[in-house]
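Now for the letters of each chain:
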Amino acid sequence: YRAASPPSKMDDAWTTALKNRPQDRPFFLWAAHSDPHRGDQQGPIDPPHSRDDVIVPPFLPDTPEVRDDLALYYDEISRFDQHIGRVLAELDRQDVASSTFVLVISDNGRPFPHCKTRVHVPGVRTPFVLRWPARVAPGQVTHRLVSTLDIAPTVLDLAGIDPLESFQGVSFSMTLADSQAPIRPFAFAEHNWHDYRAFERAAFDEQFCYVRNWLPGTPGTPPADAVNSATYKAMKELRAAGKLDDAQSECFEAPRPTEFLFDVEADPDCIDNLADDPARQATLDQMRTALKHWQTETDDRFPGEDNLTPDGFDRDSGQRRIKAAHPS
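Now for a look at the structure at hand. (Residues numbered from 1 in each chain as written. Predicted model: local features only at pLDDT ≥ 70, side-chain atom pairs only at ≥ 80, totals over all residues. Heavy atoms only, no water.)

## Re the sheet that holds strand β6 (residues 259-263)
Taken in spatial order, the 4 strands make up an open sheet running β3-β4-β5-β6, and their pairing is antiparallel. If you trace the sheet from one side to the other, it starts and ends with β3 (187-191) and β6, each paired once. Direction aside, the axes of adjacent strands within the sheet are offset by 15° on average. Where strand β4 (residues 200-204) meets strand β5 (residues 208-213), 5 bridges bridge the pair, whose relative direction is antiparallel. Across the sheet, E200 pairs through a bridge with N213, a residue of β5. (Pairing = 2+ DSSP bridges. Helix = DSSP H or I, 4+ residues; strand = E, 2+ residues; numbered from the N terminus. Axes fitted to C-alpha atoms, helices over the stretch in contact; angles between N-to-C directions.)

Right under this line is the structure:
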């Protein structure tokens, strides 16, 4: 449906699919939306969000341009939320809501600097909201670690089917009855080429995020759509004037550390790197070991800088480069 419909009409595709499904059989619907991606026009909802509605995170400068950019992002989230509501209303209309497991997720952090394509919390912690009235009481919250890798084994588990041996994820079905039930000790994230050359990996437990960066000489440039944004333009102007603080300048800087450690309970924006803190060395070693073990399990290896796909866009302008051949 994502490819066939503009963002404003995606809910029509979703509800149409539900209306046209075989009414006497179980069903599975994977409904993809392009909100909240960049490239949309003004006015996704009426009334739109204003500058005053916006909370500017500390890694972005608080300027009118940034607030306007974030307000449009809020609008797209609201439209997405409205479309989810229409799907839930259709399930109610068909009298199948109580027996239908609904899971709403996003694929990455917001399309702003320090977020999308980064593997710390602002880059990979996304909504993970489920509804199943027959099994899950409304309003429950769990702070246990979960990964999108866990979705497939959970769906199969709930359907009474054994997961495949090749699955890396684990079922989180036990948390439906007990929100405090542990799911996994660690979760992992990876960043490879996305508009720009990159190779980063991250390990998370319930308090800490560890990031290993194999390209310390490369800045943490956001994706090309964010480089082309009003936010990034304002940041470049402020940086030239010496008006960005360290957290706001981080996406421009090189060299960068090869290791990062963040206490995500105290620092959910992942600004204060604790990797060099002597008091955190035991935690750093534990997270390093967890990441190395995961890389061994998944046969994940750094191929060397010369074998990485080169940048496809200019890091300053965000303009597409002439496509280069992949290194042999």
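From this point, things continue past the structure.
## Here we look at the nonpolar core
One finds V54, V56, L60, L70, F112, M235 and F252 to be the most contacted residues of the largest nonpolar core, which totals 21 residues. Of all elements in the fold, only α2 (64-93), α5 (224-227) and α6 (230-240) reach the threshold of two or more residues within this core. The biggest single contributor to this core is α2, with 5 residues. Each residue touching M235, except ones within four places of it in the same chain, is listed here: F59, L60, P61, P113, L244, Q248, C251 and F252. (Core = buried A, V, L, I, M, F, W, Y, C linked by side-chain atoms within 4.5 Å. Buried < 20%, exposed > 50% of the residue type's maximum accessible area, 1.4 Å probe, protein only. Contact = heavy atoms within 4.5 Å.)

## Here we look at the pairing of β5
Regular strands place side chains that alternate from one sheet face to the opposite one. Among the 6 residues in β5, 5 count as buried, and that is most of the element. Counted along the chain from β4 to the antiparallel partner β5, the turn is 3 residues long. Pairing of β5 with β6, which is carried by 5 bridges, proceeds in the antiparallel orientation. For R212, the partnering residue across the bridge sits in β6 and is E259.

## Section: the environment of R118
Within the secondary structure, R118 sits in the loop between β1 (102-105) and α3 (121-124). For R118, a relative accessible area of 7% translates into the label buried. Along the primary structure R118 and S173 are separated by 55 residues, whereas in three dimensions their C-alpha atoms are 29 Å apart. Contacts of R118, omitting those with residues within four sequence positions, involve G123, V124, E200, G220, E250 and R256.

## Let's talk about the environment of C209
Note that C209 resides in strand β5. C-alpha of C209 to C-alpha of L284: the two residues are 75 residues apart in sequence and 9.5 Å apart in space. The contact partners of C209, leaving out residues within four places of it in the chain, are V119, H120, A203, F204, F260, L261, F262 and V264.

## As for the packing of helix α1 (residues 10-20) against α2
Packing of α1 against α2 brings their axes to within 9 Å, and their N-to-C directions diverge by 15°. Our classification of the angle between α1 and α2 gives roughly parallel. Crossing of α1 against α2: the hand is right-handed. Counted together, M10, D11, W14, T15, L18 and K19 of α1 and F80, H83, I84, R86, V87, E90, L91 and R93 of α2 form the full contact between these two elements. Across the contact of α1 with α2, the residue classes break down as 7 nonpolar, 2 polar and 5 charged. (Parallel < 35°, antiparallel > 145°, perpendicular 65-115°, else oblique. Left-handed = near helix turned anticlockwise from the far one by under 90°. Nonpolar A, V, L, I, M, F, W, Y, C, P; charged D, E, K, R; others polar.)

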